[in-house]
Amino acid sequence: MSEILIRNVLHEGQPSDILIKGNRFSSITPAGSGMSAETEIDASGMAILPPFYNTHGHAAMTLLRGYADDMELFKWLSEYIWPYEDKLTPEDIYNGSRLAILEMIKSGTVFFSDMYFEIDETARAVDEMGVRAALGVTFMSNHSLALRDEKVAYMKNWKDRTNGRIQLTAAPHAIYTADAGQLMLAANTARELGMKIHIHVSETATEVQNSIKEFGDTPVRYLEKLGFLGPDVIAAHVVHVDDEEIEILKKHGVTISHCPCSNMKLSSGAFRADAMAKAGAKVTLGTDGCSS
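Reading guide: rules and limits
Residues numbered from 1 in each chain as written. Predicted model: local features only at pLDDT ≥ 70, side-chain atom pairs only at ≥ 80, totals over all residues. Heavy atoms only, no water. Salt bridge = Lys/Arg side-chain N within 4 Å of Asp/Glu carboxyl O. Helix = DSSP H or I, 4+ residues; strand = E, 2+ residues; numbered from the N terminus. Buried < 20%, exposed > 50% of the residue type's maximum accessible area, 1.4 Å probe, protein only. Axes fitted to C-alpha atoms, helices over the stretch in contact; angles between N-to-C directions. Parallel < 35°, antiparallel > 145°, perpendicular 65-115°, else oblique. Left-handed = near helix turned anticlockwise from the far one by under 90°. Contact = heavy atoms within 4.5 Å. Nonpolar A, V, L, I, M, F, W, Y, C, P; charged D, E, K, R; others polar.

Just checking my understanding: could you explain the pattern of salt bridges for this structure?
Side chains carrying opposite charge are able to pair once their charged atoms draw close together. Applying the stated criterion across every chain yields a total of 18 salt bridges. With a shortest N-O distance of 2.7 Å, Asp243 and Arg272 are connected by a salt bridge. Here the residue Asp243 occupies a position in helix α8 (residues 243-251), and Arg272 occupies one in the loop between α9 (260-265) and α10 (273-279), the gap between them amounting to 29 residues. Classification of Arg272 as partly exposed rests on a relative accessible area of 29%. Each member of the salt-bridge network shares a partner with another, and the members are Arg221, Asp242, Glu244 and Glu245.

Got a minute to help me understand the packing of helix α4 (residues 145-156) against helix α5 (residues 180-193) in this structure?
For any two helices packed against each other, one specifies the crossing angle of their axes together with the interaxial distance. α5 packs onto α4 with a crossing angle of 15° between their chain directions and a minimal axis gap of 10 Å. With respect to α5, the element α4 is oriented roughly parallel. In this structure, α4 meets α5 at a crossing whose hand is right-handed. Residues Arg148, Val152, Met155 and Lys156 of α4 form the contact with α5, whose own contacting residues are Gln182, Leu185, Thr189, Ala190, Glu192 and Leu193.

Help me understand the packing of helix α2 (residues 90-107) against helix α3 (residues 119-129) in this model?
Two elements in contact, α2 and α3, have axes whose closest approach is 8 Å; the angle formed by their N-to-C orientations is 40°. Compared by their axis directions, α2 and α3 come out oblique. The way α2 lies across α3 gives a crossing that is right-handed. Two secondary-structure elements touch here, α2 through Pro90, Glu91, Ile93, Tyr94, Ser97, Arg98, Ile101, Leu102 and Ile105 and α3 through Glu121, Thr122, Arg124, Ala125, Val126, Glu128 and Met129. A class-by-class count of the residues in the contact of α2 with α3 yields 9 nonpolar, 2 polar and 5 charged.

Explain the side chain of Arg221 to me, please; I cannot follow it from the model alone.
Looking at where Arg221 falls in the secondary structure, it is placed in helix α7 (residues 219-226). The class for Arg221 is buried, based on a relative accessible area of 15%. Residue contacts for Arg221: discarding those within four places in its chain leaves Asp242, Glu244, Glu245 and Ile248.

Read these as spatial facts, not as claims about activity.
Structure, rendered in structure tokens:
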């Protein structure tokens, strides 16, 4: 079993020696402990911190960084991103995911919750590079019945070969791309299998306005009426919500993934951080895709 000793690193305010055996922390002692290991790192002047978890992203979109700037979400998606993504090959997605994971490792990010297609290619990159990930099986209304059935079967037959580093989630894209049937198929399949559910919610004012026109209610209230919301749901963005909706999300134990850089780039709006904190909602951080 390999051993690494990190000497003289600041841990919780105290200079410490940290011994790692295999892939586990073995001991943390005051600096100058006298321990030794086959590999030793002098970390004087550095600190060791808990790692970051990225709760919402599209890893392979590193390939689209800087593409299609200075426009709001729906124009950006429909006229630029989706047509470009149609041309991506499985190998493109593997390489884009690999690049994203390299960037995550450099930032101290050890886990990411992803929503993309060609999951096997992203899983290959995750497996090779030793991080952890929750990979979303996407559900959208434009999928054929055969593709829908294929996705459900994929989830039911999934076997992780990384000792628990990779998990699947059901990932209906959003209420404007997945109808009620697709939303509940994704949610019910995930709950049957004990998996999480990952979805974009109330990212833009346009999304909310369209939801009221089409469904007679805002996205959060619509999802609650469907029976979609629960403690197994990760809702990305959640920018345009009122106080009552924040209480609904809290009541159902929904995890909110706040994506500040994406919200700024696409001018989606200002996240209601103070209101979320006051309500005691569960808020985490995500990056969204590199292109946004």
